[in-house]
Amino acid sequence: SAKDAGRCGYAFYREELTSVAFERVLLESSMRHGLDRQEFVLNYQPQIDMRTGKIHGVEVLVRWEHPDMGLLGPMKFIPAAEELGLIIPLGEWILRTALSRAKAWCEQGHHCGVISVNASAVELQQRNYADRVIAVLDEIGFDPKFFELEVTEGLFLGEFELAAKSLRRLQDYGVAIAIDDFGTGYSSLSYLKRLPIDRLKIDRSFVQDIPGDENDVAITRAVISMAASLQLKVTAEGVETEVQRDFLLGEGCDIAQGYLFARPMPEQEFLFWLENHTPLADNS
Ligand code: C2E
Ligand code: MG
Ligand code: MG
Ligand code: MG
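Residues numbered from 1 in each chain as written. Chains lettered and ligands numbered in written order. Predicted model: local features only at pLDDT ≥ 70, side-chain atom pairs only at ≥ 80, totals over all residues. Heavy atoms only, no water.

As recorded in an unreviewed UniProt entry, the chain goes by the name cyclic-guanylate-specific phosphodiesterase, listed as coming from Sedimenticola selenatireducens.

What follows is the structure, encoded as structure tokens:
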């Protein structure tokens, strides 16, 4: 009968709701414990000046060594951390850890240039975000000139002016601002004028098929020349082949990141790489 169906429907709905809520609680507590138990780890990927082959900087990329699920990449847990609000303590841990490690390397004589940290759009919706970042820089005694924040166009889904204000404050303090995954988000180009931006990172999806794909070639060229006209610096993401490197260099893009040069590495491996990396013979 209709009544039975209704009852069944209701029972089914309630059960599903409960299990989703339950999974959320599990994930939340497992993430909180993960933070307490130091299960999150940072990897470091060099950014290379292709003209000289020397290191320009390093991007910090988080992973989760989950006790049951093994090593998890950020796409597996960052969205949940954003939804649960846990990106705030996680983001702060990432920032503090990255800057203190980089400071220690520098004191040991390892120079890695600019350290780039990804900031979630959710973090940028925090009213005191800039103050908190500045407090961490001060606490560690880290020169903001060697620090860059990577933000995505996801920023525009939230309160734009709030995020823009934080970014302006950080830039005034000496921090560089990079737009990550440039060209893939929801935004109009007008924000390039309205935001304090130092650098565009050309998304890997455009770099992947150059120089074979005419559209990607055209887009990449356009981004590089637009960046030059707006006096923005530019980095290419996901450079995997020499052909891509040569094309980008030819177009005037000098900084790149990708498997051609190095993968993201745990700290010890990264420091070993740094020690043993030899820039191009003809330029160094
Ligand atoms: P992203 O910031 O655009 O980082 C670059 C991603 O491209 C990294 O993936 C990196 O491992 C990958 N990659 C680098 N070179 C190559 C290449 O040559 N080929 C290919 N196929 N991939 C390459 P990963 O580490 O999985 O990070 C994915 C995304 O997760 C990041 O994209 C970023 O949006 C987010 N993420 C990573 N770490 C953090 C973090 O500490 N905080 C926040 N909020 N987000 C993070
Ligand atoms: Mg990034
Ligand atoms: Mg990116
Ligand atoms: Mg990306």
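Asks: Looking at this model, I keep getting lost on the overall build of the chain. Mind explaining?
Replies: A tally of helices and strands in the chain yields 10 helices and 10 strands. Each principal axis of the C-alpha atoms in the chain carries an extent, and together these give about 80 × 45 × 35 Å. Put simply, the chain has 284 residues, and 45% of those count as buried. When contacts within the chain are restricted to residue pairs at least 6 apart in sequence, long-range pairs at least 24 apart make up 68% of them. (Helix = DSSP H or I, 4+ residues; strand = E, 2+ residues; numbered from the N terminus. Buried < 20%, exposed > 50% of the residue type's maximum accessible area, 1.4 Å probe, protein only. Contact = heavy atoms within 4.5 Å.)

Asks: So what exactly am I meant to see when it comes to the site of ligand 1 here?
Replies: The full set close to ligand 1 counts 22 residues, and Arg 63, Asn 118, Asp 180, Glu 240 and Tyr 259 are the nearest of them. Measuring from a nitrogen atom of ligand 1, one finds a side-chain N or O atom of Gln 45 at 3.1 Å. Here Glu 59 contributes a side-chain N or O atom positioned 3.0 Å from an oxygen atom of ligand 1. Within the complex, the protein chains bury 84% of what would otherwise be the 800 Å² of accessible surface of ligand 1. Looking at the shell around ligand 1, the elements that each hand over two or more residues are β2 (54-66), α2 (74-84) and β6 (176-182). Take the shell around ligand 1: its biggest share by element is 4 residues, from β2. (Near = heavy atom within 4 Å. Polar contact = N/O pair within 3.5 Å; in protein donor to acceptor, adjacent residues only side chain to side chain. Areas by Shrake-Rupley, 256 points an atom, 1.4 Å probe, with all protein chains shown as cover.)

Asks: It is not clear to me how the pairing of strand β8 (residues 233-236) should be interpreted in this structure. Could you clarify?
Replies: One face of the sheet, then the other: side chains in a regular strand alternate in exactly this way. Summarising the sheet, strand β7 (residues 199-202) and β8 pair through 4 bridges and their orientation is parallel. Bridge pairing in β8 links Arg 199 to Lys 233. Relative to strand β9 (residues 255-256), β8 runs parallel, the two sharing 2 bridges. The residue of β9 that forms the bridge with Thr 235 is Ile 255. Remark: the β8/helix α9 (residues 242-251)/β9 crossover connection has right-handed handedness. (Pairing = 2+ DSSP bridges. Right-handed = clockwise from strand over helix to strand, strands pointing away.)

Asks: Even after reading the chapter, I still don't get the coordination of the magnesium ion (ligand 3), so can you show me in this structure?
Replies: Ideal coordination angles are 109.5 degrees for a metal with four donors arranged tetrahedrally and 90 or 180 degrees for a metal with six donors arranged octahedrally. All of the protein donors around the magnesium ion (ligand 3) are Asp 180 (OD), Asp 181 (OD), Glu 237 (OE) and Glu 237 (OE); their distances to the metal are 1.7 to 2.7 Å. Look at where the donors of the magnesium ion (ligand 3) fall in the sequence and you get D-D-x55-E. (Donors = N, O, S within 2.8 Å, 3.2 Å for Na, K, Ca; no water.)

Asks: Explain the pairing of β2 to me, please; I cannot follow it from the model alone.
Replies: Pairing of strand β1 (residues 40-49) with β2, which is carried by 10 bridges, proceeds in the antiparallel orientation. Residue Ile 48 lies in a different strand from β2, and its bridge partner there is Ile 55. The turn linking β1 back onto β2 is made up of 4 residues, and Gly 53 within it adopts a positive phi angle of 80°. The pairing of β2 with strand β4 (residues 114-118) spans 4 bridges and is classified as parallel. In the strand pairing of β4, Gly 57 is matched with Val 114. Here β2 pairs with strand β3 (residues 70-72) via 3 bridges, running antiparallel. Counterpart to Trp 64 in the pairing with β3 is Leu 72.

Asks: Would you take a moment to explain α2 for this structure?
Replies: For the α-helix, the turn length of 3.6 residues means that residues three or four positions removed from each other point alike. Considered for burial, the residues of α2 that qualify are Pro 74, Phe 77, Ile 78, Ala 80, Ala 81 and Leu 84. Positive phi shows up at Gly 85, right after α2, with a value of about 80°.

Asks: What am I meant to see in the nonpolar core here?
Replies: Considering soluble globular proteins, one finds that nonpolar side chains tend to be buried as a cluster. Counting 83 residues, the largest nonpolar core has Leu 90, Ile 115, Phe 147, Leu 195, Leu 248 and Phe 270 as the members making the most contacts within it. Beyond its immediate sequence surroundings of up to four residues, Ile 115 is in contact with Val 58, Val 60, Ala 98, Leu 99, Ala 102, Trp 105, Phe 142, Phe 146, Phe 147 and Glu 148. (Core = buried A, V, L, I, M, F, W, Y, C linked by side-chain atoms within 4.5 Å.)

Asks: Any chance you could explain the confidence of the model for the chain here in plain terms?
Replies: Predicted coordinates in regions of low pLDDT should not be interpreted in detail. Of all residues in the chain, 92% attain a pLDDT of 70 or more, and the chain-wide mean is 90. The ipTM, which scores confidence in the relative placement of chains, is 0.98 for this predicted complex, and the corresponding pTM is 0.92. (pLDDT = per-residue confidence, 0-100.)

Asks: For this particular structure, what's the right way to read the side chain of Glu 148?
Replies: Mapped onto the fold, Glu 148 is located in strand β5 (residues 147-151). Owing to a relative accessible area of 5%, Glu 148 belongs among the buried residues under this scheme. A distance of 3.1 Å separates the side chain of Glu 148 from the side chain of Arg 199, its partner in a polar contact. For Glu 148, the contacting residues outside a window of four places in its chain are Val 114, Ile 115, Ser 116, Val 117, Val 175, Ala 176, Ala 178 and Arg 199.

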